[in-house]
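As a plain string of letters, each chain reads:
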Amino acid sequence: MRDLKGLPKVYERFFLAGKTVVVTGGTGILGRLYCKRLVEAGAQVVIADLDEDKCARLAEEIIEETGGWAIGIPVDLSIEDSVIGWSKKGSGQM
Ligand SMILES: NC(=O)c1ccc[n+]([C@@H]2O[C@H](COP(=O)([O-])OP(=O)(O)OC[C@H]3O[C@@H](n4cnc5c(N)ncnc54)[C@H](O)[C@@H]3O)[C@@H](O)[C@H]2O)c1
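Residues numbered from 1 in each chain as written. Predicted model: local features only at pLDDT ≥ 70, side-chain atom pairs only at ≥ 80, totals over all residues.

Q: Whenever I open this one, the overall build of the chain confuses me. Can you help?
A: From N to C terminus, the chain includes four helices and three strands. Ordered by position in the sequence, the α and β elements of the chain form the string α-β-α-β-α-β-α. The principal-axis extent of the C-alpha atoms belonging to the chain is close to 55 × 25 × 25 Å. (Helix = DSSP H or I, 4+ residues; strand = E, 2+ residues; numbered from the N terminus.)

Q: Sorry if this is basic, but what is going on with the sheet that holds strand E2 (residues 44-48) here?
A: For sheets, the rule is that strands pair by backbone hydrogen bonds, running either parallel or antiparallel. Strands sit in the order E1-E2-E3 across an open sheet of three strands; the sheet is parallel. Looking at which strands have only one partner, the edges of the open sheet turn out to be strand E1 (20-24) and strand E3 (70-72). Each neighbouring strand pair of the sheet contributes to a mean axis angle of 20°, computed without reference to strand direction. In the packing of helix H2 (residues 29-40) onto the sheet, contacts are made with E1, E2 and E3, and the angle to E1 comes to roughly 170°. Where helix H3 (residues 52-66) meets the sheet, its contacts fall on E2 and E3, and the angle it forms with E3 comes to roughly 170°. (Pairing = 2+ DSSP bridges. Axes fitted to C-alpha atoms, helices over the stretch in contact; angles between N-to-C directions. Contact = placed C-beta atoms within 7 Å.)

Q: What should I look at first to understand the nonpolar core in this one?
A: One recurring pattern in soluble globular proteins: nonpolar side chains tend to sit buried together. Judged by nonpolar contacts, the single largest core of 16 residues is most densely connected at Cys35, Val39, Val45, Ile47 and Ala70. The set of elements that each furnish at least two residues to this core consists of H2, E2 and H3. If near-sequence neighbours (up to four positions away) are discounted, Val39 is found in contact with Val45, Ile62, Thr66, Gly68, Trp69 and Ala70. (Core = buried A, V, L, I, M, F, W, Y, C linked by C-beta atoms within 7 Å. Buried ≥ 20, exposed ≤ 12 C-beta atoms within 10 Å, placed from the backbone.)

Q: I tried to follow the pairing of E1 on my own but got confused; where do I start?
A: Looking down a regular strand, the side chains alternate between one sheet face and the other. Note that E1 and E2 share five bridges and pair parallel. What sits directly across from Val23, in E2, is Ile47. Considered for its hand, the β-α-β crossover made up of E1, H2 and E2 is right-handed. (Right-handed = clockwise from strand over helix to strand, strands pointing away.)

Q: Explain the environment of Ile79 to me, please; I cannot follow it from the model alone.
A: Relative to the assigned elements, Ile79 resides in the loop between E3 and helix H4 (80-93). Note: C-alpha distance between Ile79 and Ala48 (31 residues apart in sequence) is 13 Å.

Q: What exactly am I supposed to notice about H3 here?
A: Residues lying three or four places apart along an α-helix face the same way, a consequence of the helix completing one turn every 3.6 residues. For H3, spanning 15 residues, the distance from its first C-alpha to its last is 21 Å, which sits close to the expected 21 Å at 1.5 Å a residue. Residues of H3 that are buried: Cys55, Leu58, Ala59 and Ile62. Relative to the axis of H3, the buried residues are bounded by an arc of 100° and lie together on one face. Those residues of H3 that are exposed and aimed more than 90 degrees away from the buried face are Asp53, Glu60 and Glu64. Looking at the buried residues of H3, the elements they touch are H2, E2 and E3. Gly67 occupies a position one or two residues after H3 and carries a positive phi of about 75°. (Expected span 1.5 Å × (residues − 1). Arc of directions from axis to C-beta.)

Honestly, it's all geometry; don't read function into it.
Right, here's the structure in full:
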């Protein structure tokens, strides 16, 4: 077996403290899983999806479950103005 001494442990390699991650489609089946795992890895997660209530509820759920940091900011990624508005709103809150 290969000698693993000296290699960082998995959680060290994927430690995301100090990073902010935007998860598009964040309230979907895959998105919500990514959001939770990323917060568990120490990231601040911004949930970007269509429905404002779903974004807010997921952020609350994640904070409650993990004690980490998440925020939901709704956006329609197919509409340029929505994305521009989202980035302005987001940069004020991140
Ligand atoms: N679930 C799987 O097992 C799986 C496997 C392989 C590939 N995929 C692909 O991965 C992607 C995500 O899969 P999923 O199962 O999480 O899908 P999902 O439908 O559960 O989630 C997609 C999310 O994207 C959001 N969304 C759609 N249009 C948007 C827009 N214009 N602006 C912002 N948000 C928008 C939806 O509201 C939804 O919450 C899809 O492209 C899917 O085809 C999924």
